[in-house]
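# A look at the structure
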Amino acid sequence: MSMYKFVKGARLFMQGKREENDYDNVADTFSGTVDDEEDVRAVHTYRNTEMEGTTSGERYSKSVKRGNIRHRSTRTVRKVTTITRGEQSVTSESVLNYSNENKQSYPSINNNKKNLKFRVVEKEDLTAKEALLRWAQKTTHKYPGVEVRDFTQSWRDGLALNAIIHRNRPDLLDWRQVEKREVRERIDLAFHVMDREYGVTRLLDPEDVDTPEPDEKSIITYVSQLYDVFPEPPPGHPLFDAEAAKKFDQFKELASSLHQWIREHTTIMQDRNFPNTLIEMKRLSEESNRFRVEDIPPRLHEKEKLFAVFRDIERQMKDANFELDRDLYPDNIERSWSQLMMLFQERDTMIHEEIARLEKLQRLAEKIHQEAKMTDSKLDDIEAWIEDEAKRIDHLHPKDAKNNCEQIERELARTEETIKSMFSDVQILRDNRFSQSQDLHRRVQQVHEKWVNIRTLLQTKLINILSIHTNPDFKFLAECTEWVAKKLTQLKESEYGTDMQTVKVEYDRHQKEHKVIDQFQGNVEKCREAEVKFHGEELKIYGERMTILQKAYNELLVLSNKRVSDLHSLYDFMQAAHAELTWLNDREDKESGRDWSDKNLKLTEVEQYYEKLMSELEKRETQFSSVMDRGESLIIGHHSASQVIEAHMLAMQNKWAWLLQLTLCLETHLKHTGTSHRFFHECSVAEEFMTQKEEILNNHFAQADFKLEDGENLLKEMQQLREELAGYEDEVQRLIEASGDIVPLRQRRERLRNPVEAIAICKYSSTTISINRDEVVTVKDNTNQKAWKFTTSRGQAGEAPGVMFLLPPPDQEAVDTAEKLKRHYDRVITLWQKKHLRMRQNMIFATIKVVKSWDFEQYLSMDKETRTNIRRALNEDAEKLIQEGEQNDPQLRRLEREIAEVNRLFDEWERRALMEDEKRNALKLFTDMCNTLEMTLSEYEKTIIKVCKAPLPRDVESLQTLVISHKEFESDLQSQEPTVNNVKSLFNNIPQKTPKDQAKLDKVLDQWDRIWSYSSYYVERLKTVEITLTGLEEVTTVVTEFEMKLASYDSMPSDMDNLRKAHDDLMTLEADIQDKQGLIDQLQEDVKHVRPSVEKTRPNVAKNPDVDRLEEDVNRMSKRWGNCCMQVVERLRSCEAACELLEKYNMSYQTETNWMDELDSKLRNLEELEEARAKEAWEKHVQCFDEAGERAPHVEQVNTLGGRYVREAKIYDLRLERFQCDLEEVHPSLDGSIKKRNKQSGADTVSQELDLFNLKYQRLCESLRSRLEAVGDESKDDPEIQSKLTNLLLVPLAVVRTFREFLGTDLESASQNRVIEEEVITKATNSTETENQIENQESQENQKSVALVTITNKESSPVKTNVVVAKNGDSSLNGDSTDSHSVDTGNTLTFNEIRTGKRIELASAGISTDLSVGAGGIVDPITGQPLSLDEAIRCGLVDTST
């Protein structure tokens, strides 16, 4: 056990005290004490302790991670400390003068012997560790980045050690250079400087400090040595500027002066020891007034001046990082000033209060004097009364005597209360240090002694005679009676609470109280049992009092039980009522906050909510009624808390009634809002309709030159358009009328500029105002949706929720919209009239033109009625147009001229026709009409045959055009049916029918039926094609969506989380594919019906290319769909296999990496073996070498698992890239960024990881071999070691089959089966590429692994580098191998994969990667020389962060 025990010191850090068992008998030369006086002196004890090393050991291990390699080392430290006691010296010095006398010096220590001096100042109660920590914090204060909090983590970065040295010896270190150094370099620098300059022993290495868990004891020991060298830091700080410090000291002096004045007066103002005389207190009041008037104003001016000075130097303080006492900062001075002012105000107030208190005490003393005088006189009277009663007690009945004694006792009790009051008042005077309190206390004491004497006289002369009444049983009975009466009063006056929380508190409290009352039954039984002890008159009196007690207790017990029941029922009711009120408040808030003016309000959801709310109200009404019935029953049962129950019932009723009113508001607003939304929607539809018709009139009906048939069609269309417009007039008028009933919604949200009237939807009442339903109010402010400000018709102002008001129609926006719609309609009608008049004029001119083009034969070919109708129609239309048009219209003048010429022409032809009519007969009429009809039908037949032969449409829009055209065709064909019937009628009118006439009629009828047959087949064809094209477009969208999703996938990741996420995404995609499979199947079924329907319309056509094309589109889409399905299945299989392989690989890789770290740690520990133990070192090196050789299969297993994963990842990535390339053929506009991924693929990540892993293993083996050779060279005299060394050197290094060799043999089969076969199937014609793939496979079987890396710099020509990795791990650059190929890929880094025959893009042109890593090591891309891992890292060829 050590002689010294470390205890708390003050300014420094530790104190040496002798243990009780001080076996060395070293005398303690210091036995003095330190006086606690103003001139404080510090006592310092120095003990010279010599440290000597003896033999003992401690073994510990550590693990350090450098880059991706973890090094584990074991270190044995042999040391023990024997303390040799020396002499002890005692000195003393002034603590107050120490800082001024302590000039900066640089102490030195003898290198031969290290002395630890423990300086002790007994001022505070600190441990040695805490004192040392404070010294370190003080020394390193203000150093950037240094924060000493403990003796472990705070010293890891080495800055604290260097800060201690720089603070005391700034000439030894450059602090800025120290900050730039590495952590261990800083630590080593500090150790070196202290060892060189002061001989401080290096107890630690930098690795011992820069560790996650530094040894606390070792650091404390070393820091203690630093303290011994630098016990007190110099007053100046080496990082600060001298001139700025001078300015700062000036400010500090001014601030210290003001702060000292504030502290002194604060101490004065904190003094509350006032004198107890009124005169002295008034003198203090005068001093307080003087301080307010004379002392405070100058100091206030000084404080403001100081604050101004601080603002001038504040920036310099921040730049120089000056340390200023927190008390001297302006904010703290202001805080101290405020505290002083507050204390002054409090002291001044207390002085005035003390004066008032002393005056009050004076009045109390006078009162005590008067009461003492009166009480003394009353005691004299009572004494005389006792003497009189004592004389006649023998002549009185005991009961009367007892009553007289009780009267005397009552008088004495009242007198006693008076005396107690006087004592209490006197105690008040004494507590308040009243000057006459002692005299008054003696006077009251005399009165009390007199009362005691009289009480004794009563006891001896009267009460002892009536001792029966002083029996303990009577006393206990009285106490029980008093307790029961007190509890009865307490229960009757108790409250029940006003809400659920207070009721719960009362309920819990009374349950405990009821338990006490119930247990009091035992005391009542004791009183009952004591009744047998009395007889006669005593028994009678006791029985009467017992009856009173029993009756009162029974009443107490009944009242307590009733209170328990009432509280329980009240709490149950409050719980139910609270639940109902909460539900009602939630619904009220939702309705009050709804914005009905929102145009995006979803009315469907609001209607559903309204139905749900009404349903909930119906269902909840029973529950609500149950709660109300429960409360009603409690009130009928005269519950003690009926007022609380009635208040909650009233609140529930009001809330329920208000919610019902809100449902009425909801229904009303819902109706009006729906009407408003429908109105504006209908107006929008009407506007679009009229705009469309206006465009038709301006475009379609603006033709001036057309044929008669086209003109007739245009007139018909215009008439149809007019009918539509006429029918729409009612709709426009309806909207105009409806606009007057639309309520203004937007006005509810907009800020009112002027007051508006509103209608109350429901009844509303509050404490200040009441509104009836349908009452009209004037709204003045609607900014708060839940509280509209309004004024009633009676002039009352108030606030109410905006939801209960309805702004009356009309809505100005709705009216304006309707009027705008009406004006638009009138414009369209006017436009139609103009266009119709112009169309009729052009039609007459076209008809006149046609008539003028006729010759007589054409005129004669028409029947007379037709000719008459044409002439009459022309004249009537012309006359009507002339009457309707304007007189100055030049077109009308032209029309008059043209119609006169046509009439003359008709007159001439009519005259000639009369002569020809007599020559015609019925047969001629039939023949002519039949020929005409045959020609017309031939045109129709040609049209339908042409349509049937036309190619099938490629999209739905073209198909719709064909459908519309065919409808028009059938409509025109149907118009020929009257002509066919007319031909039949003429045939029947022929008197003598010949077979030739019959054949002509049959030919026309057969042609008519054939045309209709073609038309029906064509309609069927259009239907089947429409179904197929619609399905094809839908399937195309689905397939494209899946292709884009599959193309957007990244390459296979190398971490399990992302790999599982990719697997989950593929599973989801597979489920989506199964859902969409029905669309593909339906499309394949629909396309089968297209060919039969087309062949019906083309009976004599052998080939239908358009049908083949449509079927080819469907098959192509099915193939794309199948490709998507196959992609999902194959990717799922690859992900599942990769998950299993990656998990096994990670476990094996971690195991082998840990083994290599442990082996490397062993090798490092072996370096410390001494030369004398060379034999042991040799054996351990041989063991490590054998262990490395035995570990080769495990290392190869890691390469095998990693290679299998790399193979699977590469196949996955190849398939993904192939899919993306094929997708570009389908979607040429596909964004190429889908294929460009900045993220490194999982195969590349694992490959790089395995390359470093193999390099690490190879480096470890080579290091072992070199270490063996080195140990053998050191032991050349040992033949056994030399013999074993020769044998070991003959044995080759462990040969490990790396993952690249595995890829060379195993990837070719999997790659060929999964990727190349798919490429051969899809591109069978590319035989040359297949042959090249076979040649590459053969060359790779011989070469095992060939990688081509082409790196192109933008500023230089492409440089081709062939890296050939052989089985034994050697690599060569720019080799002469005939199987290696050089390919210039421009600005792309490419890698020719084994047996794929397809180039994979690895990186973009901006990537500069000159690192060539093979199975054998790292090769310099410029010199071609092999590099070690450390050299590659220094050259920047290996990124240690990955």
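Residues numbered from 1 in each chain as written. Predicted model: local features only at pLDDT ≥ 70, side-chain atom pairs only at ≥ 80, totals over all residues. Heavy atoms only, no water.

### Some thoughts on the overall build of the protein
Tallying secondary structure elements over the protein gives 38 helices and 23 strands in all. In the protein, which comprises 1442 residues, the share counted as buried stands at 41%. In the protein, the proportion of contacts linking residues at least 24 apart, taken out of those at least 6 apart, comes to 77%. Accessible surface for the protein amounts to roughly 81,100 Å². Of this, 48% is attributable to carbon and sulfur atoms. (Helix = DSSP H or I, 4+ residues; strand = E, 2+ residues; numbered from the N terminus. Buried < 20%, exposed > 50% of the residue type's maximum accessible area, 1.4 Å probe, protein only. Contact = heavy atoms within 4.5 Å. Areas by Shrake-Rupley, 256 points an atom, 1.4 Å probe, with all protein chains shown as cover.)

### As for the sheet that holds strand β13 (residues 788–791)
If you walk across this open sheet you meet the five strands as β14-β13-β12-β9-β15, and the pairing is antiparallel. In the strand order of this sheet, the two ends are held by β14 (797–800) and β15 (805–806), each with one partner. Across two bridges, the pairing between strand β9 (residues 756–760) and β15 is antiparallel. Following the sheet pairing, alanine 760 is matched in β15 by phenylalanine 805. (Pairing = 2+ DSSP bridges.)

### Topic: the nonpolar core
Of all hydrophobic cores here, the largest spans 95 residues; its most connected members are Phe926, Tyr1145 and Tyr1205. Element by element, the count of residues in this core is highest for helix α31 (residues 1105–1166), at 20 residues. When sequence neighbours within four positions are dropped, the list of residues in contact with tyrosine 1145 reads Val1198, Leu1201, Gly1202, Val1246, Glu1249 and Leu1250. The next biggest cluster of nonpolar side chains, apart from the first, holds 61 residues, and it includes Tyr571, Phe573, Met628 and Trp656. (Core = buried A, V, L, I, M, F, W, Y, C linked by side-chain atoms within 4.5 Å.)

### Remarks on the environment of tyrosine 222
Mapped onto the fold, tyrosine 222 is located in helix α7 (residues 216–229). For tyrosine 222, a relative accessible area of 3% translates into the label buried. For the pair formed by tyrosine 222 and valine 200, sequence separation is 22 residues and the distance between their alpha carbons is 8.3 Å. Look past the residues within four positions of tyrosine 222 in its chain and what remains in contact with it is Leu161, Ala190, Phe191, Met194, Val200, Thr201 and Leu203.

### Regarding the pairing of β14
Because side chains alternate across β14, one face comprises the buried residues Gly798 and Ala800, and the other comprises Ala797 and Glu799, none of which is buried. Counting the residues between successive antiparallel strands, the hairpin from β13 to β14 contains five residues, one of them, glycine 795, with a positive phi of roughly 90°.

### Structural notes on the packing of helix α2 (residues 128–139) against α7
Where α2 contacts α7, the two axes come as close as 11 Å, and the packing angle between them is 60°. Compared by their axis directions, α2 and α7 come out oblique. Regarding α2 and α7, the two cross each other, and that crossing is left-handed. Touching Lys129, Leu132 and Trp135 of α2 are Glu216, Ile220, Val223, Ser224, Leu226 and Tyr227, all from α7. By residue class, the composition of the contact of α2 with α7 is six nonpolar, one polar and two charged. (Axes fitted to C-alpha atoms, helices over the stretch in contact; angles between N-to-C directions. Parallel < 35°, antiparallel > 145°, perpendicular 65-115°, else oblique. Left-handed = near helix turned anticlockwise from the far one by under 90°. Nonpolar A, V, L, I, M, F, W, Y, C, P; charged D, E, K, R; others polar.)

### Some points on the packing of aromatic side chains
By the definition in use, this model includes 25 aromatic pairs. Plain terms: the ring middles of phenylalanine 191 and tyrosine 222 are 4.9 Å apart, the flat faces sit at 65° to each other, and that makes the pair edge-to-face. Residue phenylalanine 191 is located in helix α5 (residues 183–198), and its partner tyrosine 222 is located in helix α7; the two are separated by 31 residues in the primary sequence. Residue phenylalanine 191 shares its accessibility class with tyrosine 222, and that shared class is buried. (Phe/Tyr/Trp six-rings, centres within 6.5 Å; stacked < 30°, edge-to-face > 60°.)

### Regarding the pairing of β13
Strand direction decides the pairing type here: strand β12 (residues 776–781) and β13, joined by three bridges, are antiparallel. Residue pairing across strands places threonine 778 opposite threonine 791, the latter belonging to β13. Hairpin connection, β12 to β13: the antiparallel pair is bridged by six residues. With four bridges joining them, β13 and β14 adopt antiparallel strand pairing. Its bridge partner lying in β14, phenylalanine 790 is registered against glycine 798.

### As for the packing of helix α30 (residues 1090–1097) against α31
Where α30 meets α31, the axes come as close as 10 Å, and the angle between the chain directions of the two elements is 170°. When the axes of α30 and α31 are compared, the pair comes out roughly antiparallel. Two secondary-structure elements touch here, α30 through Val1090, Arg1091 and Val1094 and α31 through Val1107, Asp1108, Leu1110 and Glu1111. Of the residues in the contact of α30 with α31, the class split is four nonpolar, no polar and three charged.

### Things to note about the confidence of the model for the protein
Per-residue confidence for the protein gives a mean pLDDT of 75; residues scoring 70 or more make up 76%. The model gives residues 1305–1417 a pLDDT under 50, and that stretch makes 182 contacts with residues more than four places away or in other chains. (pLDDT = per-residue confidence, 0-100.)

### Side note on the pattern of salt bridges
As enumerated under the stated definition, the model contains 70 salt bridges in all. Arginine 149 is the salt-bridge partner of glutamate 147, the closest N and O atoms lying 3.3 Å from each other. (Salt bridge = Lys/Arg side-chain N within 4 Å of Asp/Glu carboxyl O.)

### Thoughts on the environment of cysteine 1221
Mapped onto the elements of the fold, cysteine 1221 is located in helix α33 (residues 1192–1226). The sequence separation of cysteine 1221 and alanine 1047 amounts to 174 residues, and the corresponding C-alpha distance is 9.4 Å.

### Description of the state of the cysteines
Going through the model one piece at a time under the given rule, you end up with zero disulfides. No disulfide involves cysteine 1125; its nearest neighbouring cysteine sulfur is the one of cysteine 1124, lying 6.8 Å away. (Disulfide = S-S within 2.5 Å.)

### Here's the deal with unusual backbone geometry
Omega for the peptide link from proline 809 to proline 810 comes to 5°, which places this bond in the cis form. At histidine 638, a residue that is not glycine, the phi angle is positive and equals roughly 60°. In this structure, histidine 638 sits in the loop between α17 (603–636) and α18 (642–699). Despite not being glycine, aspartate 774 shows a phi value in the positive range, around 65°. According to the relative accessible area criterion, aspartate 774 is exposed, its value standing at 54%.

### Topic: the environment of glutamate 724
For glutamate 724, the location among the structural elements is in helix α19 (residues 708–739). Spatially, the C-alpha atom of glutamate 724 lies 9.6 Å from that of lysine 693, the residues being 31 residues apart in sequence. Setting aside its immediate chain neighbours within four residues, glutamate 724 contacts Phe689 and Lys693.

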